[in-house]
Amino acid sequence: MFNIANYFKEGIKKTLLVTNNGATSHNGPWKQAYTNTQVERWHAGEFSAAEFTISIDYNNANKEIVKCIVAVGVDYANLSVVGRSNLGNDLVDLLISAKTGYEGAKFIFTANYFQNQNPLTS
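Residues numbered from 1 in each chain as written. Predicted model: local features only at pLDDT ≥ 70, side-chain atom pairs only at ≥ 80, totals over all residues. Heavy atoms only, no water.

Draft legend 1. Spotlight on the pairing of strand β9 (residues 105-115). Bridging between strand β3 (residues 31-33) and β9 involves three bridges; their strand directions are antiparallel. Bridging from a neighbouring strand, A33 pairs with A105 of β9. Examined bridge by bridge, strand β4 (residues 47-59) and β9 share ten bridges and lie antiparallel to one another. Looking across to β9, one finds that I56 is bridged to F107. (Pairing = 2+ DSSP bridges. Helix = DSSP H or I, 4+ residues; strand = E, 2+ residues; numbered from the N terminus.)

Here it is in structure tokens:
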């Protein structure tokens, strides 16, 4: 019988330790990329930063992965792409807008969110 507790234990500094070189895999639900497709949205008071990994899949010959980080203030957010890899063609612009010829490409994303440690004031 599958027991998820067999794959985790408490790590150093109360982190979650994935045992036996375990990994995670992701499979949707996916969205489709068109012009200005919104990946994620939250209220500024909820999180102060996030990191995203976005996997874009158009077809067998056109795939891309983008890693980006976002810092969020009261009236402003700053997004930086820190890594990008593909099979020869950029499929999207950030925020997700499909490049010409790749409209409708499917994408999924993972995110790590970081909560505000101080209340936001304007």
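Having put the structure on the table, let's press on.
Draft legend 2. Quick look at unusual backbone geometry. The peptide bond linking G28 to P29 adopts the cis configuration, its omega dihedral lying at 10 degrees. Tracing the backbone through its elements, the reader meets P29 in the loop between β2 (16-18) and β3. In the Ramachandran plot, K14 falls in the positive-phi region, its phi being about 60 degrees despite a non-glycine side chain.

Draft legend 3. Spotlight on the sheet that holds β9. Strand order in this open sheet of five strands is β3-β9-β4-β5-β6, and the pairing throughout is antiparallel. Both edges of this open sheet fall to β3 and β6 (77-86), since each of them pairs with a single strand only. On average, each strand axis in the sheet is tilted by 30 degrees relative to the strand beside it, whichever way the strands run. Here ten bridges tie β4 to strand β5 (residues 62-72), and the two strands are oriented antiparallel to one another. Paired with I54 across the bridge in β5 is V66. (Axes fitted to C-alpha atoms, helices over the stretch in contact; angles between N-to-C directions.)

Draft legend 4. Spatial organisation of the pattern of salt bridges. Counted according to the given criterion, the structure contains three salt bridges. Taking the shortest distance from any N to any O, the salt bridge between D57 and K63 comes out at 2.9 Å. Here D57 falls in the partly exposed class, since its relative accessible area comes to 34%. Take K63: its relative accessible area is 29%, and that puts it in the partly exposed class. Note that D90 is salt-bridged to R84, the shortest N-O span being 3.7 Å. (Salt bridge = Lys/Arg side-chain N within 4 Å of Asp/Glu carboxyl O. Buried < 20%, exposed > 50% of the residue type's maximum accessible area, 1.4 Å probe, protein only.)

Draft legend 5. Examining the nonpolar core more closely. Ranked by internal contacts, the top residues of the largest apolar core, which has 17 residues, are A33, F52, I54, I56, V92, I96 and F107. Among the elements of the structure, β4, β5 and β9 are those that each provide at least two residues to this core. With residues up to four places along the chain from it excluded, the contact list for A33 reads V92, I96, A98, Y102, E103, G104, A105 and F107. (Core = buried A, V, L, I, M, F, W, Y, C linked by side-chain atoms within 4.5 Å. Contact = heavy atoms within 4.5 Å.)

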